[in-house]
Amino acid sequence: MTDSRPVLTMTGISKSFPGVRALHDVDFRLFPGEVHALMGENGAGKSTLIKVLTGVYGIDEGVIILGDEQVAFSGPMQAAGAGVSTVYQEVNLCPNLSVAENIFIGREPRRFGAVHWAEVRRRARALLTRLDLDIDVTAPVASYSLAVQQMVAIARAIDVRAQVLILDEPTSSLDAGEVEQLFRIMRQLRDEGIAILFVTHFLDQVYRIADRITVLRNGTLVGEYPTAELPQLALVEKMIGKDLDVLERIEEQPRPELATLEEGTPFVEVSQLSRRGAVAPFSLTIHAGEVVGLAGLLGSGRTEVARLFFGADRADHGDVAVSGEPASLRNPVQAINQGIGFCSENRRAEGIIPDLTVRENMILAMQAARGWLRRIPRRRQDELVDKYIKALSIRPANPDMPVRNLSGGNQQKVLLARWLITEPRLLILDEPTRGIDIGAKAEIQKLVVQLSDGGMAVLFISAELEEVLRLSHKIAVMRDREMVAHLVNDDTVDADRVMQTIATGTQREEANQ
Amino acid sequence: MSDANLRLRTLVGHRLFWPVAVLVAMLAANTIYRPGFLAIEVNNGHLYGTPIDILRLSAPLILVALGMTLVISTGGIDLSVGSICAISGAIACLYISEAPDQNNLGMVFTALAMALGVALVLGAWNGVLVSIIGIQPIIATLILMVAGRGLAQLITEGQIITINSGPYRAIGLGHFLTLPLAIFIALGAALLIAAFTRRTALGMIVESVGGNREASRLAGIRSGRVVFLVYVVSAACAAIAGFMITANVSSADGNAAGLWVELDAILAVVIGGTSLAGGRFYLSGTILGALIIQTLTTSVYAMNISPQTALLFKAVVVIAVCLIQAPAFRAKFGRRRRGTPPPPAPSPQRQKEEVPA
Amino acid sequence: MSVSSLTTRPSWAKLPRRQMPVLATLALLLVMYGIGVSQYQAFSNVQVIFNIFIDNGFLLVIAVGMTFVILTGGIDLSVGSVAAMTAMVSAWLLQSGLPALLVLVIALLIGPLLGFLMGCAIHFFDIQPFIVTLAGMFFARGMCTFISNASIPITDGFWTTMSQYRIGDPRGNFVSVSVIVAFVVVLVAAYVLAYTRLGRNVYAIGGNPQSALLMGLPLGRTRIAVYTISGLCAAIGGILLSFYTLSGAPLIAVGMELDVIAAVVIGGTVLTGGSGYVFGTVLGVLVLGVIQTLITFDGSLNSWWTKIVIGGLLFAFILLQRLIGIRYK
């Protein structure tokens, strides 16, 4: 591969958003006829890199060279015209239109000014045959599976004589057979000389398809490696990093031993819980006062597990027992009545009600549980809200400010307060420290310790391994939508061991014991 | 920034500033055009005058708009209120017209209860379509908007039912404490709804559902019930407005009663500052909005312009208010014109969401 | 593994699913016509069908414009008022002595201009179509009475010729010029929707606006275009209306937008956009026409039954759309 010249070279790319440096001095190259995996955790800068490449954002510094020319695209369309096509995670097709039309809309072959349908269909068939896909091109796209839709999107992308094909998490909602189908097409396109930039969260897939890997972390380049020379463990280490930052300074407090915690009846015990397309059957017990960490890469099924615990999604199979009694967690109301609270990772879409005030956002869950007729008296509201504004040091300390005006970290604290006010017995925290500043992060971690000391069970999800290790009594490891291991967080467990489990999925046997 | 300047900005920034300003400007313009506009005189112990008329005539619109406010707050819309006005008015008038003694108070109350009951059923129909079957509100209520007119005419058999009932007439034209009774009914409904939404947690829950439905579900709110409820409340408000409209003329016309009141009501809600996208609602703003619309209509009457032509002014007001409130318009023109500093730049997270990827 | 296993549904299930609403409308129409023929002898007369077209020609034209708007997922409440305004302006200009051709051109320009402005407001300022076209409706209706409070008769030669000219066969069956115009509009619209980029973009935007944007389709231009087209159709409908009534009346066509929306929905076009045909709209208008005719023939039923039946049909068709899951979003 080194014998050819790169088709795309990005040098010294920097991009900042107000308050955040999304990319800093990143280099990236792409050779014709290779599948190049772009890896990194949340916030590493993968999507920003793709967006500056395709012209969604402008760049602050740096140079992009496509072929022999320096380019700065005004948007995805111009990029596609120049041969850089993108296929997004959510398939961007019009579901009501036919396959053929989705491939050609906007540049249909025409005759006498009218769309030449026979030609559209013929060319669509030819293109799909090239992708080894034999489907009825006149049927609406919506009548096909996501995998086929994905391939139709690829067909649309490569029809404009693509040199570079960007596949942004194309496999996240495909099953094994569909992934295989997609890979066959990717290999074929690669062999035709197209450079493919592949973003995925599935490690297995990277090692099956990618020729080369570029790793980003926190907006900087970690390195570029031929896949063969980068073992999985090393890759995970490079993605997650080992910087024991400021958070390490949280004073170690004496924590109750796991053995003592696990003496009584577990607060919640699920066995073989599963949901099709989301997470394979898993079992997990959580005792009062216990912090259970969920480790795993983004997209490994961490959030899906949390949602099943809370009834945000319904499980297809499996049994749940709460305090030893069989229970049902089929919707959030049931879960809340059992004393479970859930802070979603998606603060904006699933957490805050942006129009409402800090106060209203805080008391919402408690009020919902009481029913609308029994309004929480104003004095009680003030007590609760003041207490948590102080306890969580929410800034600005103004309960009547619309929550949308708060910073991300403070919004997160408001959501924490919403659930703490309901005095839950199990609190599920999905990425509670993502996208917030270091100070707020430390405070939230400290709070988790306090809560568990007070007897609350916590299911703690984080992409940052150090954080999970520091807080959890035991750790369940997720990999490719499967819970592959349960680790007791004692002296034998360290970041290396967890990473190894994430990377290789071993210790499955131990998990089943 | 000087203190006075700051205070001015706070005032201008208040959500009721523009509605109040528009109302005051209209009243002022009227007074200049016709100096006697604001005069109120006492006659037979009742107050009379244009301002009183405006209040009295705006009562039905206020009622309908109050119910509409709740519906819009959940992110919905109710197009069927005009038809419900017509149906409830028709039922009440039909029952009264067939009674042996049209002035019997008990009989009138039975009529009102019956009509209100039917309206509640119609509201429940809308609620079921929207919250259980999951049809878009604008379409779900369109069904009753079309069919309801027919039902109203079916009830009146295409005739205009004329009645001669003192108690019923009083709903529209009666007086109480020197003021028209209709004003008190509208005020009472407003206070009742305000109490029901603000003294309980209902208001907050409605706003929460309208502001972010998924987040509300995850906070344990059963949003379906709330959505169902607001359509029932809206229908009840429309029914009472229907009584007033028919009582004003002591007759029920299935075709004309409450015609276009849904559009005026939506307009009043939007002028009052409640966003059509749902979320926060402002009952006081809605009432102001209804008063603005009625003042506009009345002043156009007073200037001897045909009521239909008043629609021209209404169109201008709608566009002006919507433009002022449209974020896109503010972003394009507001900054330049007022010279205010640009709004805080969105956080990267927000940008991420706005760019479809 | 074989590729065909990736498809979720067998191919035989696909075709009728998409066409089901239109087929249901067609079936309904045939059933209603069958009832009419079996109950009333005169119903089988071909002229009955022609009369339905003659009486509803303007409705058909306006419904075609509305089909464009609804296909993008929007709505246009202004059409009835714009039609009335067009008729009013024509009558007024003719009365003041302008030549017929010039009047025709002016009248046909006002509707599209208003539609264009409304489309701009919707696109550039991101205000809901419902509100913008509501304002448009108020404006157009206001203009009607602004021009005159009373009905203005039309005596112009061209207009009366157009109104009275009959195109018929030897047996005495005939249609009016309006019907021909309506058919031309239907054919042109069907061609535009099926064979031009504009038409295909309309469907794409109704299917998924974000995707359409990412596919590089001109979202704004198409949106403005559909409201302009709707305005043009409303204007043509207004002219046909003035042929039909030979006058401009300020309060004509009040509430017509509801009939138009009902016809489009009954014709199988999905109100959330992206699915539907002009042919379906023709059927929808015919359904409304046949209902009216049946009720007229019956004599014992009153006109308000029309509204109740239309409401019932609306419900049935919306439920049907919901059940077969045409809402792709």
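Residues numbered from 1 in each chain as written. Chains lettered and ligands numbered in written order. Predicted model: local features only at pLDDT ≥ 70, side-chain atom pairs only at ≥ 80, totals over all residues. Heavy atoms only, no water.

If you check an unreviewed UniProt entry, chain C appears there as Simple sugar transport system permease protein from Micromonospora phaseoli. The UniProt entry for chain C carries the following text under Subcellular location (unreviewed entry): "Cell membrane". (UniProt positions renumbered as here; feature names shortened; annotations may be inferred.)

Under an unreviewed UniProt entry, the name given to chain A is Simple sugar transport system ATP-binding protein, and the organism recorded is Micromonospora phaseoli.

Q: Mind showing me how you'd approach the overall build of chain C here?
A: A tally of regular secondary structure across chain C gives 13 helices and four strands. For 329 residues, the compact-globule estimate of 2.2 N^0.38 gives 20 Å, and chain C sits close to it at 21 Å. Projected onto the principal axes, the alpha-carbon positions of chain C cover approximately 75 × 55 × 35 Å. Scored against the burial criterion, the 329 residues of chain C give a buried share of 59%. (Helix = DSSP H or I, 4+ residues; strand = E, 2+ residues; numbered from the N terminus. Rg over C-alpha atoms; globule rule 2.2 N^0.38 Å. Buried < 20%, exposed > 50% of the residue type's maximum accessible area, 1.4 Å probe, protein only.)

Q: Sorry, what's going on with the pairing of strand S6 (residues 84-87) of chain A here?
A: Regular strands place side chains that alternate from one sheet face to the opposite one. Residue and element names in this part refer to chain A. Of the two faces of S6, the one lined by Val 84 and Thr 86 and the one lined by Ser 85 and Val 87 are each fully buried. Looking at chain direction, S6 and strand S9 (residues 164-168) are connected through four bridges and run parallel. When the bridges of S9 are listed, Val 87 appears paired with Leu 167. (Pairing = 2+ DSSP bridges.)

Q: I would appreciate a short explanation of the packing of helix H2 (residues 46-71) of chain C against helix H10 (residues 219-245) of chain C in the present structure.
A: Angle between the axes and distance between the axes: these two values describe a pair of packed helices. Residues and elements named next belong to chain C. It is the contact of H2 with H10, at a shortest axis distance of 7 Å, that shows an interaxial angle of 175°. Classed by the angle they form, the pair H2 and H10 counts as roughly antiparallel. Every residue of H10 that contacts H2 at Ile 54, Asp 55, Gly 57, Phe 58, Val 61, Ile 62, Gly 65, Met 66, Phe 68 and Val 69 is listed here: Val 226, Tyr 227, Ile 229, Ser 230, Cys 233, Ala 234, Ile 236, Gly 237, Leu 240, Leu 241 and Tyr 244. A class-by-class count of the residues in the contact of H2 with H10 yields 16 nonpolar, four polar and one charged. (Axes fitted to C-alpha atoms, helices over the stretch in contact; angles between N-to-C directions. Parallel < 35°, antiparallel > 145°, perpendicular 65-115°, else oblique. Contact = heavy atoms within 4.5 Å. Nonpolar A, V, L, I, M, F, W, Y, C, P; charged D, E, K, R; others polar.)

Q: Can you help me understand the packing of aromatic side chains in this one?
A: In this description, an aromatic ring pair is defined by two values, namely the gap between the centres and the angle between the planes. Inspection of every chain in the model, using the stated rule, returns 16 aromatic pairs over all chains. Summarising the aromatic geometry, the rings of Trp125(B) and Phe315(C) are spaced 4.8 Å apart at their centres and angled 55° between planes, so their arrangement reads as tilted. Linking Trp125(B) in helix H5 (residues 105-133) with Phe315(C) in helix H13 (residues 304-323), this pair reaches from one chain into another. In this structure Trp125(B) comes out as partly exposed when scored by relative accessible area, which is 32%. Every member of this aromatic cluster is reached through a ring pair, and the members are Tyr33(C), Tyr40(C), Phe43(C) and Phe297(C). The cationic tip of Arg198(B) hangs over the ring face of Phe281(B); the distance from NZ or CZ to the ring centre is 4.3 Å. Here Lys314(B) stacks its cationic end above the ring of Phe138(C), 5.4 Å away from the centre of that ring. (Phe/Tyr/Trp six-rings, centres within 6.5 Å; stacked < 30°, edge-to-face > 60°. Lys NZ or Arg CZ within 6 Å of the ring centre and 35° of its normal.)

Q: Would you mind showing me how to read the interface of chain B and chain A here?
A: When the parts come together, some accessible area is lost, and that loss is often what is quoted as the size of the interface. Each partner contributes to the interface: chain B provides 36 residues, whereas chain A provides 39 residues. Between chain B and chain A, a total of about 3200 Å² is buried, with carbon and sulfur atoms accounting for 63% of that surface. One can count two salt bridges joining chain B with chain A. For Glu360(A), the salt bridge identified is with Arg280(B), shortest N-O distance 2.5 Å. Our count for the chain B to chain A interface comes out at seven residue pairs in polar contact (both at pLDDT 80 or more). Its residues assigned to classes, the side of chain B that touches chain A shows 15 nonpolar, 11 polar and 10 charged. (Buried area = accessible area lost by both parts, 1.4 Å probe. Salt bridge = Lys/Arg side-chain N within 4 Å of Asp/Glu carboxyl O. Polar contact = N/O pair within 3.5 Å; in protein donor to acceptor, adjacent residues only side chain to side chain.)

Q: What's the story with the pattern of salt bridges in this structure? I'm lost.
A: A side chain with one charge may pair with a side chain of the opposite charge, provided their charged atoms come close. Residue and element names in this part refer to chain A. If you walk through the whole model with that rule in mind, you get 31 salt bridges over all chains. Notably, a salt bridge pairs Arg 302 with Glu 431, separated by 2.9 Å at the nearest N-O pair. With Arg 302 in helix H10 (residues 302-310) and Glu 431 in the loop between strand S19 (426-430) and helix H16 (438-453), this pair connects stretches of sequence that are 129 residues apart. Judged by relative accessible area, Glu 431 falls into the buried class, the value being 4%.

Q: What's the story with the domain arrangement of chain A in this structure? I'm lost.
A: Segmenting chain A into domains produces domain 1 (8-240), domain 2 (243-339 + 425-438 + 451-513) and domain 3 (347-423). Taking only C-alpha atoms, the centre of domain 1 of chain A and the centre of domain 3 of chain A are 41 Å apart. (Domains from an automatic or database assignment.)

Q: Is there a simple way to think about the pairing of strand S18 (residues 340-343) of chain A in this case?
A: Residues and elements named next belong to chain A. Burial along S18 is two-sided: the face carrying Ile 340 and Phe 342 and the face carrying Gly 341 and Cys 343 are both buried. The sheet contact formed by S18 and S19 spans four bridges and is parallel. When the sheet's bridge partners are listed, Cys 343 is paired in S19 with Leu 429.

Q: Quick question: what am I supposed to make of the environment of Val236(A) here?
A: By the element assignment, Val236(A) lies in helix H8 (residues 232-240). The spatial distance from the C-alpha of Val236(A) to the C-alpha of Asn331(A) is 35 Å, given a sequence separation of 95 residues.

Q: Hey, could you run me through the interface of chain B and chain C in this one?
A: Opposite the 47 residues of chain B that make contact, chain C presents 39 residues. Carbon and sulfur atoms supply 83% of the area that chain B and chain C bury against each other, a total of about 3900 Å² over both sides. The three residues of chain B that bury the most area against chain C are Val146(B), Leu263(B) and Leu312(B), which together make up 14% of that side's buried surface. Our enumeration of links across chain B and chain C arrives at two residue pairs in polar contact (both at pLDDT 80 or more).

Q: What is the right way to read helix H13 (residues 283-302) of chain B from this model?
A: It helps to recall that an α-helix has 3.6 residues per turn; residues three or four apart then point in one direction. Residue and element names in this part refer to chain B. The end-to-end C-alpha distance of H13 is 28 Å, a good match for the 28 Å that 20 residues give at a rise of 1.5 Å each. Among the 20 residues that make up H13, 16 are buried, leaving the element largely enclosed by the rest of the structure. Looking at the residues trailing H13, positive phi occurs at Asn 304, about 60°. (Expected span 1.5 Å × (residues − 1).)

Q: Honestly, the UniProt feature "transmembrane region" (unreviewed entry) in chain C in this entry has me stumped. Any pointers?
A: Residues annotated by UniProt as "transmembrane region" (unreviewed entry) correspond here to residues 21-42, 48-70, 100-125, 132-154, 174-194, 224-245, 251-271 and 303-324 of chain C. Overall, residues 48-70 of chain C shows 100% helix and 0% strand. The separation of its end C-alpha atoms is 30 Å.

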